[in-house]
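# Architecture at a glance
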Amino acid sequence: MPGEENIMVILSSPSGVGKTTLTKKIQQKYHSFKISVSHTTRSPRSNEVNGVDYHFISKEKFEKFIKEKKFYEYAKIFENYYGTLKKTVDETIPKNDIIFDIDWQGTKQLSKFKNLNLIKIYLITDNKEELKKRLIKRNQNTQEEIEKRFNSFDKDIKHWSDYDYVIINKNLDVCFKQIESIIKLSKKKLSIFAHTPQ
Ligand code: 5GP
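Notes on the structure in this doc start here. (Residues numbered from 1 in each chain as written. Predicted model: local features only at pLDDT ≥ 70, side-chain atom pairs only at ≥ 80, totals over all residues. Heavy atoms only, no water.)

The secondary structure content of the protein amounts to 8 helices and 9 strands. Taking 2.2 N^0.38 as the reference for a compact globule, 198 residues should give roughly 16 Å; the C-alpha atoms of the protein span a radius of gyration of 17 Å, in line with that estimate. Along the first, second and third principal axes, the C-alpha set of the protein runs to 55 × 40 × 30 Å. Among the 198 residues that make up the protein, the fraction classed as buried is 45%. Put simply, of all contacts in the protein between residues at least 6 apart along the chain, 67% involve residues at least 24 apart. (Helix = DSSP H or I, 4+ residues; strand = E, 2+ residues; numbered from the N terminus. Rg over C-alpha atoms; globule rule 2.2 N^0.38 Å. Buried < 20%, exposed > 50% of the residue type's maximum accessible area, 1.4 Å probe, protein only. Contact = heavy atoms within 4.5 Å.)

Have a look at this one:
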């Protein structure tokens, strides 16, 4: 079956742990990977491009998509909707591996689809103060949004046990190498399985 050796990697983490940078690094090095571009009702930040970082849509349109059951998963996070369209995934997976930057709620929903080759990775930091500094430094959120994201840290990390791997991001390069090892191992396992007579 086409796509049966392709994997779907989920990277989740509290805000500011470095997930977006790592997602982009994986896609740059491994061209077999496509980044799943989510739909959201949040407003674009000054450095974000519609269709590249997210598909920015209205709340009305998002709720219409929910009613029409167009999402594999969706969640309300910091008062905005975020979701992954079934169409995007179904069109990509026969040809490519996919990487998702989604939260624990979406991960739970995707996990229910047993036919997906999901690899679930949770990134965490051991330094909350550093995290706050990073959130402020990246200058993409208002003070109120920074507080909201920082305060959600403790709630978010309670969900680490839903994941296959938990990585502490002390150093971005080390963390990237660890993710690479997980990807290589997962691809190898699937390839052995696909070529073993059942
Ligand atoms: P941000 O507003 O900082 O871009 O994203 C906020 C949170 O939404 C992040 O934790 C990100 O992983 C999550 N997120 C982004 N897209 C999706 C999605 O399609 N589904 C779910 N469940 N979470 C998402």
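A few words on helix 2 (residues 59–67). When we look at burial in helix 2, the residues that qualify are Phe-62, Phe-65 and Ile-66. The buried residues of helix 2 occupy one face: seen down the axis, they fall within an arc of 105°. Those residues of helix 2 that are exposed and angled more than 90 degrees off the buried face are Glu-60 and Lys-67. Looking at the residues trailing helix 2, positive phi occurs at Lys-69, about 55°. (Arc of directions from axis to C-beta.)

Aromatic ring pairs are defined here through the distance separating the ring centres and the angle between the ring planes. Across all of its chains, the model carries 10 aromatic pairs by this definition. On the numbers, 4.8 Å between centres and 5° between planes, the contact of Phe-62 with Tyr-81 is stacked. Separated by 19 residues along the polypeptide, Phe-62 in helix 2 and Tyr-81 in strand 6 (residues 80–85) bring together distant segments of the chain. With a relative accessible area of 0%, Phe-62 lands in the buried category. Look at Tyr-74 and Tyr-81: their rings are 6.3 Å apart centre to centre, the planes differ by 70°, and that puts the pair in the edge-to-face class. The class for Tyr-74 is partly exposed, based on a relative accessible area of 32%. For Tyr-81, a relative accessible area of 11% corresponds to the buried category. Put simply, the rings of Phe-62, Phe-65, Phe-71, Tyr-74 and Tyr-81 touch in pairs and so form one group of aromatic residues. The lysine or arginine in question, Lys-25, covers the ring of Phe-176, its NZ or CZ lying 5.0 Å from the ring centre. The ring of Tyr-81 is capped by Lys-76, whose NZ or CZ atom sits 4.9 Å from the centre of that ring. (Phe/Tyr/Trp six-rings, centres within 6.5 Å; stacked < 30°, edge-to-face > 60°. Lys NZ or Arg CZ within 6 Å of the ring centre and 35° of its normal.)

Before going further, it helps to examine the sheet that holds strand 2 (residues 33–35). Think of a sheet as strands paired side by side through backbone hydrogen bonds, with each pair either parallel or antiparallel. If you trace the 5 strands from one edge of the open sheet to the other, you get 2-7-1-8-9, paired in parallel fashion. A single partner strand is all that each edge strand has here, and the edge strands are strand 2 and strand 9 (165–168). If you compare each strand with its neighbour and ignore which way they point, the axes differ by 25° on average. (Pairing = 2+ DSSP bridges. Axes fitted to C-alpha atoms, helices over the stretch in contact; angles between N-to-C directions.)

In spatial order, the strands read 4-3-6-5; together these 4 strands make up an open sheet with mixed pairing. With partners counted over all chains shown, the strands left at the sheet margins are strand 4 (55–56) and strand 5 (71–77), one partner each. Taken together, the 6 bridges between strand 5 and strand 6 define a ladder with antiparallel strand orientation. If you follow Ala-75 over to strand 6, its bridge partner there is Tyr-82. Lying over the sheet, helix 2 contacts strand 3 (39–40), strand 5 and strand 6, oriented at roughly 45° with respect to strand 6.

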